[in-house]
Amino acid sequence: MTGSAVTGDNPRTPGRNICEGRVVIVTGAGRGLGRAHALAFAAEGAKVVVNDLDVGLDGGVEGGLGGSLDRGLDRTGGSGGPAQRVVDEIRAAGGEAVAHGGDIATTDGASTLVAAALETYGRLDTLVNNAGFLRDRMLVNLDEDDWDAVMRVHVKGHFLPLKHAAAHWRAEAKAGRPVAARVVNTTSGAGLLGSVGQGNYAAAKAGIIGLTLVASAEMSRYGVQVNAIAPAARTRMTEAAFAGLAALPEDVSPLVVWLGSADSAGVTGRVFEAEGGRITVMEGWRPGPTADKGARWTPADAGVAALKLLTEAEPPQPVYGVR
């Protein structure tokens, strides 16, 4: 994951903003990628619900909103936390935004997040699941609490907002109202290929890909498209592990905004990698070389067949961090 930043402001489509009139939720939007996404959506005309719990890189208490991940917070986002600061930036630029400071890995936090959009703006069009943190350890040093915390914020923190947003959109569709909803989930190269020292994070991000595929299949009948991005950008989460990564969060956001807009009609169930000025469609598991005996294998024969098939197969991509 190396690359360089792309210079220049967020480009707009000449003569129009592609998210004009849309209402967008971005989780973990107080800093880094989430902040960049929120500002980019607002620049394209969206009204934005900016969610952030204000925790440290490992999920511990920061300043401002503060609070542990085990207790809910006032959904207004407070007056001095990172969510409110992003809201202030959006409003200062002439946009519309509201802060939400709840824990989206709880039912109450996720439900009030969706309610904040509906009660403030009367609709919800796009959900960007971005919130997360790291607790990196080699497997033999990885505590159960560190495993649970990372799975909770990433997997459960994607599932619960998606569940509550999807329930709203399904009700809208069943009531006969048109739905052109979008969900953009956030996976990682670690979830696609693995990453040494990040067993919990890699497992969580791989799980998000599975959730994306299922949600896309289940929700398409209701007018909901679900995709995922695997971003590579220099943020406080990545600057220590990937010191050579120069791409900026703002380089990733244009793709996220497009996926969250009505312009992306027909695109669902896909995973994109974005870094700097590069966009890649990631192609997942596909059947490779196959052997069919037409009967049950013996263990020894199965081994012979597997070894032969491996000589015909494409080698796997290397796991991040392998030396």
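Residues numbered from 1 in each chain as written. Predicted model: local features only at pLDDT ≥ 70, side-chain atom pairs only at ≥ 80, totals over all residues. Heavy atoms only, no water.

This part takes up the overall build of the chain. Secondary structure assignment for the chain yields eight helices and eight strands. By sequence separation, contacts in the chain at least 24 residues apart represent 70% of the contacts at least 6 residues apart. In the structure as shown, the chain presents an accessible area of about 15,400 Å², 54% of it carried by carbon and sulfur atoms. (Helix = DSSP H or I, 4+ residues; strand = E, 2+ residues; numbered from the N terminus. Contact = heavy atoms within 4.5 Å. Areas by Shrake-Rupley, 256 points an atom, 1.4 Å probe, with all protein chains shown as cover.)

Tallied over the full model, the rule gives 13 salt bridges. Residue Arg137 pairs with Asp146 through a salt bridge whose shortest N-O separation is 4.0 Å. Take Arg137: its relative accessible area is 38%, and that puts it in the partly exposed class. (Salt bridge = Lys/Arg side-chain N within 4 Å of Asp/Glu carboxyl O. Buried < 20%, exposed > 50% of the residue type's maximum accessible area, 1.4 Å probe, protein only.)

Turning our eyes to something else, we now look at the sheet that holds strand E8 (residues 278–282). Strands sit in the order E3-E2-E1-E4-E5-E6-E7-E8 across an open sheet of eight strands; the sheet is mixed. In the strand order of this sheet, the two ends are held by strand E3 (96–100) and E8, each with one partner. Taking each pair of neighbouring strands and ignoring which way they run, the sheet shows an average axis angle of 20°. Judged from the five bridges that link them, strand E2 (residues 47–51) and E3 form a sheet pairing that is parallel. (Pairing = 2+ DSSP bridges. Axes fitted to C-alpha atoms, helices over the stretch in contact; angles between N-to-C directions.)

Glancing now at the nonpolar core. Membership of the largest hydrophobic core comes to 30 residues, with the highest contact counts inside it found for Val26, Ala38, Phe41, Val48, Val50 and Ile90. Sorting the residues of this core by element identifies strand E1 (23–26), helix H1 (32–43), E2, helix H2 (82–92), E3, helix H7 (249–259) and strand E7 (271–275) as the ones contributing at least two each. Discounting residues that sit within four places of it in the chain, Val50 has contacts with Val26, Ala29, Ala38, Ala83, Val86, Val87, Ile90, Ala97, Val98, Ala99 and His100. Residues Val114, Leu124, Ala165 and Ala181 belong to the second largest nonpolar core, which totals 25 residues. (Core = buried A, V, L, I, M, F, W, Y, C linked by side-chain atoms within 4.5 Å.)

By the element assignment, His168 lies in helix H4 (residues 144–174). The class of His168 is buried, set by a relative accessible area of 18%. The contacts of His168, once residues within four sequence positions are left out, are Leu118 and Leu124.

Glancing now at the packing of helix H3 (residues 107–121) against H4. As a packed pair, H3 and H4 sit with axes 8 Å apart at the nearest point and diverge in direction by 45°. With respect to H4, the axis of H3 lies oblique. In the packing of H3 onto H4, the handedness of the crossing is right-handed. Along its contact with H3, which presents Thr107, Ala110, Ser111, Leu113, Val114 and Leu118, the element H4 presents Leu160, Pro161, His164, Ala165 and His168. Class assignment of the residues belonging to the contact of H3 with H4 gives a composition of seven nonpolar, four polar and no charged. (Parallel < 35°, antiparallel > 145°, perpendicular 65-115°, else oblique. Left-handed = near helix turned anticlockwise from the far one by under 90°. Nonpolar A, V, L, I, M, F, W, Y, C, P; charged D, E, K, R; others polar.)

Helical geometry: 3.6 residues make up each α-helical turn, so side chains three or four residues apart lie on a common side. End to end, H4 covers 42 Å across 31 residues, agreeing with the expected 45 Å (1.5 Å per residue, within 8%). The sharpest bend along H4 reaches about 35° and sits at Lys156. (Expected span 1.5 Å × (residues − 1). Bend = angle between axes of the 7 residues up to and from the residue.)

With that settled, consider a negative patch on the surface. On the surface, Asp143, Glu144, Asp145 and Asp148 cluster together into a negatively charged patch. Looking at where Asp145 falls in the secondary structure, it is placed in helix H4. (Patch = residues over 30% accessible without salt bridge, like charges linked within 9 Å, V, L, I, M, F, W, Y side chains within 5 Å. Lys, Arg positive; Asp, Glu negative; His and termini not counted. Charge placed at Lys NZ, Arg CZ, Asp CG, Glu CD.)

This brings us to the pairing of E8. Where E7 meets E8, five bridges bridge the pair, whose relative direction is antiparallel. Bridge assignment links Val271 to a residue of E8, and that residue is Met282. Hairpin remark: E7 followed by E8, antiparallel, with two residues in the connecting loop; positive phi at Gly276, about 60°.

Before going further, it helps to examine a nonpolar patch on the surface. On the surface, Met138, Val140, Val196, Val319 and Val322 cluster together into a nonpolar patch covering about 460 Å² of accessible area. Looking at where Val140 falls in the secondary structure, it is placed in the loop between strand E4 (126–128) and H4.

Attention shifts here to helix H6 (residues 199–219). Relative to the 30 Å expected for 21 residues at 1.5 Å per residue, H6 spans 30 Å between its end C-alpha atoms, a close match to the ideal helical length. All of the buried residues along H6 are Asn200, Tyr201, Ala202, Ala204, Lys205, Ile208, Ile209, Thr212, Ala215, Ser216 and Met219.

Right, let's talk about the environment of Ile104 for a bit. Tracing the backbone through its elements, the reader meets Ile104 in the loop between E3 and H3. On the basis of relative accessible area, Ile104 is assigned to the buried category, the value being 5%. Once the C-alpha coordinates of Ile104 and Asp52 are considered, the two residues, 52 residues apart in sequence, prove to be 8.9 Å apart. Once you skip the residues sitting within four places of it in the chain, Ile104 turns out to touch Thr27, Asn51, Gly109, Ala110, Leu113, Ala131, Lys156, Gly157, Leu160 and Pro161.

Everything listed here is a matter of geometry and, on its own, says nothing about what the molecule does.
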